[in-house]
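Here's the letter readout for the chains.
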Protein chains: 2
Amino acid sequence: MSRTKTPPAAIGTPDDTEAQFYEALQQGDIDKLMAVWSDDDEIVCVHPGGARLVGPGAIRAAFEGMFSHGSIQAQPEKVRRMQGLSCAVHSVLERVQVMTKAGPQAAWVIATNVYLRTGEGWRLVAHHASPGTQSEARDVAEPPSVLH
Amino acid sequence: MSRTKTPPAAIGTPDDTEAQFYEALQQGDIDKLMAVWSDDDEIVCVHPGGARLVGPGAIRAAFEGMFSHGSIQAQPEKVRRMQGLSCAVHSVLERVQVMTKAGPQAAWVIATNVYLRTGEGWRLVAHHASPGTQSEARDVAEPPSVLH
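Please read these numbers as outputs of a predicted model, since none were measured by experiment.

Here is what the cut-offs are and how they apply
Residues numbered from 1 in each chain as written. Chains lettered and ligands numbered in written order. Predicted model: local features only at pLDDT ≥ 70, side-chain atom pairs only at ≥ 80, totals over all residues. Heavy atoms only, no water. Pairing = 2+ DSSP bridges. Helix = DSSP H or I, 4+ residues; strand = E, 2+ residues; numbered from the N terminus. Axes fitted to C-alpha atoms, helices over the stretch in contact; angles between N-to-C directions. Contact = heavy atoms within 4.5 Å. Disulfide = S-S within 2.5 Å. Buried < 20%, exposed > 50% of the residue type's maximum accessible area, 1.4 Å probe, protein only. Salt bridge = Lys/Arg side-chain N within 4 Å of Asp/Glu carboxyl O.

Novice: How should the sheet that holds strand 1 (residues 44–46) of chain A be read in this particular structure?
Specialist: What links the strands of a sheet is backbone hydrogen bonding, and the strands pair in either a parallel or an antiparallel sense. Residue and element names in this part refer to chain A. With respect to topology, six strands assemble into an open sheet ordered 2-1-6-5-4-3, the strand pairing being mixed. The sheet is open, and its two borders are formed by strand 2 (52–54) and strand 3 (74–83), each paired with just one other strand. When strand polarity is set aside, the average angle formed by the axes of neighbouring strands in this sheet is 25 degrees. Sitting on the sheet, helix 1 (residues 14–27) touches strand 3, strand 4 (87–100), strand 5 (103–118) and strand 6 (121–131), and the angle it makes with strand 3 is about 160 degrees. Strands strand 1 and strand 2 of the sheet are contacted by helix 3 (residues 56–67), whose axis makes an angle of about 125 degrees with strand 2.

Structure representation (structure tokens):
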């Protein structure tokens, strides 16, 4: 066995894989992060405001660049799920802690995460993230009251 | 049979479904557009700079609002594809013609389109679109030379 890639600790369900993705972001752990992704040359990643990145090499390089400035404190919230036999589509609102002149503040990111079932378990094949709106902030912070 | 939803004309492959999606945008045809989507209550749509829309009702309302200003001249280019047994993930650079004071100009949008295979064929379950960058414009307009 010549594989040196770090195997995921637990990859039983798409939720397990997603949990590992966000843990890797929070820990700034590039090997753990890349182990979540499929090896497919067509995997796709779009960061908020960024260009389309295709393939493990481009995706790793971009995350390494981000991690060189520190880890990414992104918490998944309000996950909506669709699941096929070999595919899971998750829409996630990410609460990202960013440092501003006024101290740490929460920003919102909308992410679509797509997982395919492979011989090695559920692996991430697409992560598309874009800036959220005030609507997302309200959605998370102020659930609609049933009284009105 | 009480179904009144317009059936897709041809829905044999994910590419057929995607072609119908962009035709519907270009024609401003809301029924054709909604026939492309799955009926699942968890389908998700994110327009560039917009909030997350979940479910057929919210998605229809947003497209109806857009179509009230005219059709959407979006051409899919540089499609990258990953396919599982029951799932297809397409990453598309959309060339969108927008009217400016200087006349019609091309804008670029990065879209992730996810299709699941259903009893009625391949149906769209997620469309996540966000503004492209100069990199996308270059990617489409100026393929890298093999000489340098």
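On we go from here.
Novice: Where do I start with the state of the cysteines in this structure?
Specialist: Covalently bonding the sulfur atom of one cysteine to the sulfur atom of another cysteine gives a disulfide. Under the defined criterion, the tally for this structure stands at one disulfide over all chains. What pairs with Cys87 of chain A in a disulfide is Cys87 of chain B, and their sulfur atoms sit 2.3 Å apart. Taken together, the positions of Cys87 of chain A in strand 4 and Cys87 of chain B in strand 4 (residues 87–100) put the pair across two chains. Accessibility assignment for this pair places Cys87 of chain A and Cys87 of chain B in one class, buried. With no disulfide partner, Cys45 of chain A has as its closest neighbouring cysteine sulfur the one in Cys87 of chain A, 17 Å distant.

Novice: Explain unusual backbone geometry to me, please; I cannot follow it from the model alone.
Specialist: Excluding glycine, residues mostly have negative phi values, and the peptide bonds linking residues are mostly trans. Of note in this structure, Lys78 of chain A is not a glycine but carries a positive phi near 50 degrees. Overall, Lys78 of chain A belongs to the partly exposed group, its relative accessible area being 36%.

Novice: Sorry, what's going on with the pairing of strand 6 of chain A here?
Specialist: Consecutive residues of a regular strand have side chains that alternate between opposite faces of the sheet. Residues and elements named next belong to chain A. The buried count for strand 6 comes to ten of eleven residues, which makes it a mostly enclosed element. Of the pairings in the sheet, the one linking strand 5 to strand 6 comprises ten bridges and is antiparallel in character. The residue of strand 6 that forms the bridge with Ala111 is Ala129. Linking strand 5 to strand 6, which pair antiparallel, is a turn of two residues.

Novice: Got a minute to help me understand the pattern of salt bridges in this structure?
Specialist: Pairs can form between side chains of opposite charge whenever their charged atoms are close. Within this structure, the stated rule accounts for 16 salt bridges over all chains. For Lys32 of chain B, the salt bridge goes to Glu23 of chain B, with nearest N and O atoms at 2.9 Å. A salt bridge links Arg95 of chain B to Glu77 of chain B, with the shortest nitrogen-to-oxygen separation between them at 2.7 Å. Residue Arg95 of chain B is located in strand 4, and its partner Glu77 of chain B is located in strand 3 (residues 74–83); the two are separated by 18 residues in the primary sequence. Overall, Arg95 of chain B belongs to the partly exposed group, its relative accessible area being 33%. In this structure, a network of salt bridges that share partners links the residues Asp31, Arg60 and Glu64 of chain A.

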